[in-house]
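Each chain, letter by letter, is given below.
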Amino acid sequence: DTAVSQTPKYLVTQMGNDKSIKCEQNLGHDTMYWYKQDSKKFLKIMFSYNNKELIINETVPNRFSPKSPDKAHLNLHINSLELGDSAVYFCASSQTIQNTQYFGPGTRLTVL
Amino acid sequence: AQSVTQPDIHITVSEGASLELRCNYSYGATPYLFWYVQSPGQGLQLLLKYFSGDTLVQGIKGFEAEFKRSQSSFNLRKPSVHWSDAAEYFCAVAAGNNNAGNMLTFGGGTRLMVKP
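Keep in mind that this is a model prediction, so the values were computed, not measured.

Side note on the overall build of chain A
Then step 1. In terms of regular secondary structure, chain A is built from zero helices and eleven strands.
Then step 2. Sequence-ordered secondary structure for chain A, helices as α and strands as β, is β-β-β-β-β-β-β-β-β-β-β.
Then step 3. A compact globule built from 112 residues would reach a C-alpha radius of gyration of about 13 Å, and chain A, at 13 Å, matches this within 12%.
Then step 4. C-alpha atoms of chain A, sized along the principal axes, occupy 40 × 30 × 30 Å.
Then step 5. Residues classed as buried in chain A amount to 46% of the 112 residues present.
Then step 6. The contacts in chain A between residues at least 6 apart in sequence include a share of 55% that link residues at least 24 apart.

A word on unusual backbone geometry
Residues and elements named next belong to chain A.
Then step 1. Looking along the chain, the bond that leaves T7 and enters P8 is cis, with omega of -5°.
Then step 2. Counting through the fold element by element, P8 comes out in the loop between strand 1 (4-7) and strand 2 (10-13).
Then step 3. Of note in the backbone geometry, K41 takes a positive phi value of approximately 75° without being a glycine.
Then step 4. Locating K41 in the fold gives a position in the loop between strand 4 (31-37) and strand 5 (43-50).
Then step 5. A positive phi angle, close to 50°, is found at S80, a residue other than glycine.

Considering the nonpolar core
Nonpolar side chains in soluble globular proteins generally cluster together in the buried interior.
Then step 1. In terms of nonpolar packing, the biggest core is built from 27 residues, with L19, W35, L47, L48, F74, L76 and Y89 of chain B touching the most fellow members.
Then step 2. Where this core is concerned, the elements lending two or more residues are strand 2 (10-14), strand 3 (19-21), strand 5 (31-38), strand 6 (44-50), strand 8 (64-68), strand 9 (73-78), strand 10 (87-95) and strand 12 (110-115) of chain B.
Then step 3. Among the elements that line this core, the one with the most residues is strand 10 of chain B, at four residues.
Then step 4. Setting aside residues no more than four positions away along its own chain, L19 of chain B makes contact with I11, V13, F63, L76, R77, K78, V81 and L112 of chain B.
Then step 5. Core analysis: the next-biggest nonpolar cluster, separate from the first, contains 20 residues, Y33 of chain A together with Y36, F90 and A92 of chain B among them.

Brief notes about the environment of Y32 of chain B
Then step 1. Relative to the helices and strands, Y32 of chain B is located in strand 5.
Then step 2. Sequence separation of Y32 of chain B and S52 of chain B is 20 residues, and the distance between their C-alpha atoms is 7.9 Å.

Quick look at the state of the cysteines
Then step 1. Evaluated as defined, the whole model comprises two disulfides over all chains.
Then step 2. In this model, C23 of chain A is linked to C91 of chain A through a disulfide, with the two sulfur atoms separated by 1.8 Å. The S-S bond linking C23 of chain A to C91 of chain A shows a torsion near -75°; that makes this disulfide left-handed. Of this pair, C23 of chain A sits in strand 3 (residues 19-25) while C91 of chain A sits in strand 9 (residues 87-94), and the two are 68 residues apart along the sequence.
Then step 3. Between the sulfur atoms of C23 of chain B and its disulfide partner C91 of chain B the distance amounts to 2.0 Å.

Things to note about the interface of chain B and chain A
Then step 1. With 24 residues of chain B at the contact, the number on the chain A side is 21 residues.
Then step 2. Buried area between chain B and chain A, summed over both chains or domains, comes out near 1,800 Å², and the portion from carbon and sulfur atoms is 56%.
Then step 3. If you look at where chain B meets chain A, you find zero salt bridges.
Then step 4. If you look at where chain B meets chain A, you find four residue pairs in polar contact (both at pLDDT 80 or more).
Then step 5. The dominant element in the side of chain B that touches chain A, judged by the number of residues it contributes, is strand 5 of chain B, at four residues.
Then step 6. Along the lines of polarity and charge, the residues of the side of chain B that touches chain A split into twelve nonpolar, nine polar and three charged.

A few points about the pattern of salt bridges
A side chain of one charge can pair with a side chain of the opposite charge if their charged atoms are brought near each other.
Residues and elements named next belong to chain B.
Then step 1. Per the stated rule, a full pass over the model turns up eight salt bridges over all chains.
Then step 2. Two residues, E64 and R77, come together in a salt bridge whose shortest N-O distance is 3.2 Å. One end of the pair, E64, is in strand 8; the other, R77, is in strand 9, and 13 residues separate them in sequence.
Then step 3. Here R77 falls in the partly exposed class, since its relative accessible area comes to 23%.

Here we look at the packing of aromatic side chains
Then step 1. Tallied over the full model, the rule gives 16 aromatic pairs over all chains.
Then step 2. Ring centres of F90 of chain A and F103 of chain A lie 6.5 Å apart, and the angle between their planes is 75°; this geometry places the pair in the edge-to-face category. Linking F90 of chain A in strand 9 with F103 of chain A in strand 10 (residues 102-103), this pair joins segments that are 13 residues apart in sequence.
Then step 3. A relative accessible area of 1% places F90 of chain A in the buried class.
Then step 4. Take F103 of chain A: its relative accessible area is 10%, and that puts it in the buried class.
Then step 5. Taken together, the aromatic side chains of Y33, Y35, F90 and F103 of chain A together with Y32, F34, Y36, F51, F90 and F106 of chain B make up a single cluster linked through ring pairs.

The rules we used
- Residues numbered from 1 in each chain as written.
- Chains lettered and ligands numbered in written order.
- Predicted model: local features only at pLDDT ≥ 70, side-chain atom pairs only at ≥ 80, totals over all residues.
- Heavy atoms only, no water.
- Helix = DSSP H or I, 4+ residues; strand = E, 2+ residues; numbered from the N terminus.
- Rg over C-alpha atoms; globule rule 2.2 N^0.38 Å.
- Buried < 20%, exposed > 50% of the residue type's maximum accessible area, 1.4 Å probe, protein only.
- Contact = heavy atoms within 4.5 Å.
- Core = buried A, V, L, I, M, F, W, Y, C linked by side-chain atoms within 4.5 Å.
- Disulfide = S-S within 2.5 Å.
- Buried area = accessible area lost by both parts, 1.4 Å probe.
- Salt bridge = Lys/Arg side-chain N within 4 Å of Asp/Glu carboxyl O.
- Polar contact = N/O pair within 3.5 Å; in protein donor to acceptor, adjacent residues only side chain to side chain.
- Nonpolar A, V, L, I, M, F, W, Y, C, P; charged D, E, K, R; others polar.
- Phe/Tyr/Trp six-rings, centres within 6.5 Å; stacked < 30°, edge-to-face > 60°.

Below, the structure is given as structure tokens:
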């Protein structure tokens, strides 16, 4: 009964490939997010999304795109992977008004 | 834009000793403030949060934090540290008016090590 789940947990791929990371939440939340944690443990927001609005952090390259098939899922697609994309990616969700975000376990992406 | 500073990158305390982790934020209006903990190889777990009201908030695992508007601080405390508290701790702020899409801004984290 995991609240926020991500697959895969680990992803190793070559530069230039296209990959996706899936996120699902069973909390009934309206808003979902993607964060990137770099090798120095610094966490940075990438996207905030609900069924009305996508807000993109302006520093995120357009190779990254979130896709939401329904309210419980927000997948992260990454095109033309680069070495610098290697990081841990966290999905989170919240009820917008309450502003408390619950995080998934993370996906460690390694680009070779 | 909001920002968060955690001045201490590493802190080492002895088991049973008290703990205070510092967090300073910069935000023009009333912030929503959070502390999260990340154990090695794990995701982030919410310890506590402040939205409004009593400035001393209690969280899980015996942690508490105090919001001090005059100092723009939200320091995390625990009276007696256990070895299992060794982890990375993150302070975060969200725009209280939700105009920023509810996105959290995190501090750089403080790694806590506990000596036996």
